[in-house]
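Fold and contact review
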Amino acid sequence: MANQSIFTDSVNSLMKGSKPLDLVGFMQILFDKYERAYIAKFSETYVDRYLNWNPIQMGLTAEALMGQYHFRIMAAVIDSDSGTPLRSTTGFKAWTEGIPRIGHKYAMEAYKLRQLYSMLESIRIADTAKVNQLQQTIFNNVKNAYLGCKDTLDFILLQALSNDGIASFDPDTNNPNGVKCVLNYDMPAENKKTATVEWNASNSASGSIDIIMELQDIVHEMEDKGIDVAEILASPELYTFILRDKTVRKAVLGNDKSSAMVTNDQLSATLSAYGIPKITQIRKRTAIEKDGKRSLLNPWNGDNLVFLPAGKIGEVQPAVEDSDLIPEANVSYINSAEGIKVSLWSTGDSTGQTPTEYTQAAGRVLPILTEINAIYRYKVKNIS
């Protein structure tokens, strides 16, 4: 059986004469505080920016989701009792009869704990410094584990928005230790627009494309359907292309100054004058680990622009984790109101394992694009 985390059963005994220290309780206070501020200390995630969080539900099936939100779920069936993979990025598990499970865990080996114990036993280090170091040690693993789960939700959201409403995972490409899974939010065919002339350097130089007119046409079509267009999402590369486009420079600066560079403020002011909303650059990179090697992934499809309606565009639905139903006596838990649960425990000689402290974050959570009918995709690169 796993041993309880050292942060609850060993720390106080090492700091004899000091004020009792409940680091897990301290972390719960931090979670409560940061949830109210959208975990501002870490960084705001896209799911926080664009989606509302629903209360945690006891049970949630794919059939219920399809009936309520009108999207399809296609996933490989896996063993529901499988443990979360040990790696430094997010694992993703899904099954056809329930809400997807995401999770991963971090390991802190014995030699790192030895350094921590040495620091705690030192009489040359003030108690306040010891507490700060302990908080930092546990906080970093908890933060990375927790936000790693949110990175997966961001990956689903951004990939679906920029990829015709479809997010996919494959163990061979972007989901090591996980399964093949496709979430199809069923974007209407009429919302998938494609430019007649590709946006590239040669067509821009020749004046063959008119970016402002093209953007305006899509906004007008959406407004004719009663959609209040609030924002256009683009990759940084595509945004830079728009700034440097010949017709954009003429529209912003005039013919006599069209050789100059257009600023962000100038572009926003010109777009607003033509009834076009602001363009937001999507910058998101996530790391995956496969066979001990890390690589970066970009969930955003840079070939496309995405037009969003005003307000929140969806919901995040968490379900109760198994450990909420059957908690382990020797595991310390930090609960998140968002359904992502952090667990801390240690292993050692009694279990026949290498002494190690583990920090795990896992949850059954799914982003849902309730406003998919009001979201437009405009493909401008690689259209051939």
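What this report covers is the structure whose coordinates are included nearby. Given the structure is predicted, the values throughout are model-derived calculations rather than measurements. (Residues numbered from 1 in each chain as written. Predicted model: local features only at pLDDT ≥ 70, side-chain atom pairs only at ≥ 80, totals over all residues. Heavy atoms only, no water.)

**What about the packing of aromatic side chains?**
- Summed over the entire model, instances satisfying the criterion amount to 3 aromatic pairs.
- Ring centres of Y46 and Y50 lie 6.4 Å apart, and the angle between their planes is 5°; on these two criteria the pair is classed as stacked. Taken together, the residues span about one helical turn, with Y46 and Y50 both in helix α4 (residues 46-50) at a distance of 4 residues. The residues Y46 and Y50 share a single accessibility class, namely buried.
- Centre to centre, the rings of W199 and Y378 are 6.1 Å apart; their planes meet at 80°, and the pair counts as edge-to-face. One end of the pair, W199, is in the loop between β8 (192-194) and α8 (201-205); the other, Y378, is in strand β18 (residues 376-379), with 179 residues separating them in the sequence. The same class applies to W199 and to Y378, which are both buried.
- Three or more aromatic residues joined by ring pairs make a cluster, and in this case those are W199, F241 and Y378.
- Note that K381 overlies the ring of F241, its terminal NZ or CZ placed 4.3 Å from the centroid. (Phe/Tyr/Trp six-rings, centres within 6.5 Å; stacked < 30°, edge-to-face > 60°. Helix = DSSP H or I, 4+ residues; strand = E, 2+ residues; numbered from the N terminus. Buried < 20%, exposed > 50% of the residue type's maximum accessible area, 1.4 Å probe, protein only. Lys NZ or Arg CZ within 6 Å of the ring centre and 35° of its normal.)

**Quick notes on helix α9 (residues 211-224)**
- The end-to-end C-alpha distance of α9 is 20 Å, a good match for the 20 Å that 14 residues give at a rise of 1.5 Å each.
- All buried positions along α9 are accounted for by I211, I212, E214, L215, I218, V219 and M222. Viewed along the axis of α9, the buried residues span an arc of 170°, placing them on a single side of the element.
- Remark: G226 follows α9 within two positions and exhibits a positive phi of approximately 85°. (Expected span 1.5 Å × (residues − 1). Arc of directions from axis to C-beta.)

**Comments concerning the pattern of salt bridges**
- The tally for this structure, following the rule as stated, stands at 6 salt bridges.
- Two residues, K284 and D151, come together in a salt bridge whose shortest N-O distance is 2.7 Å. In this pair, K284 sits in the loop between β10 (279-281) and β11 (286-290) while D151 sits in helix α7 (residues 127-162), placing the two residues 133 residues apart along the sequence.
- Overall, K284 belongs to the buried group, its relative accessible area being 13%.
- One salt bridge connects D154 with K284, and the closest N-O pair in it is separated by 3.0 Å. Taken together, the residues span a long stretch of sequence, with D154 in helix α7 and K284 in the loop between β10 and β11 at a distance of 130 residues. Grouping residues by exposure puts D154 and K284 together as buried.
- Within this structure, D151, D154 and K284 form a network of salt bridges that share partners. (Salt bridge = Lys/Arg side-chain N within 4 Å of Asp/Glu carboxyl O.)

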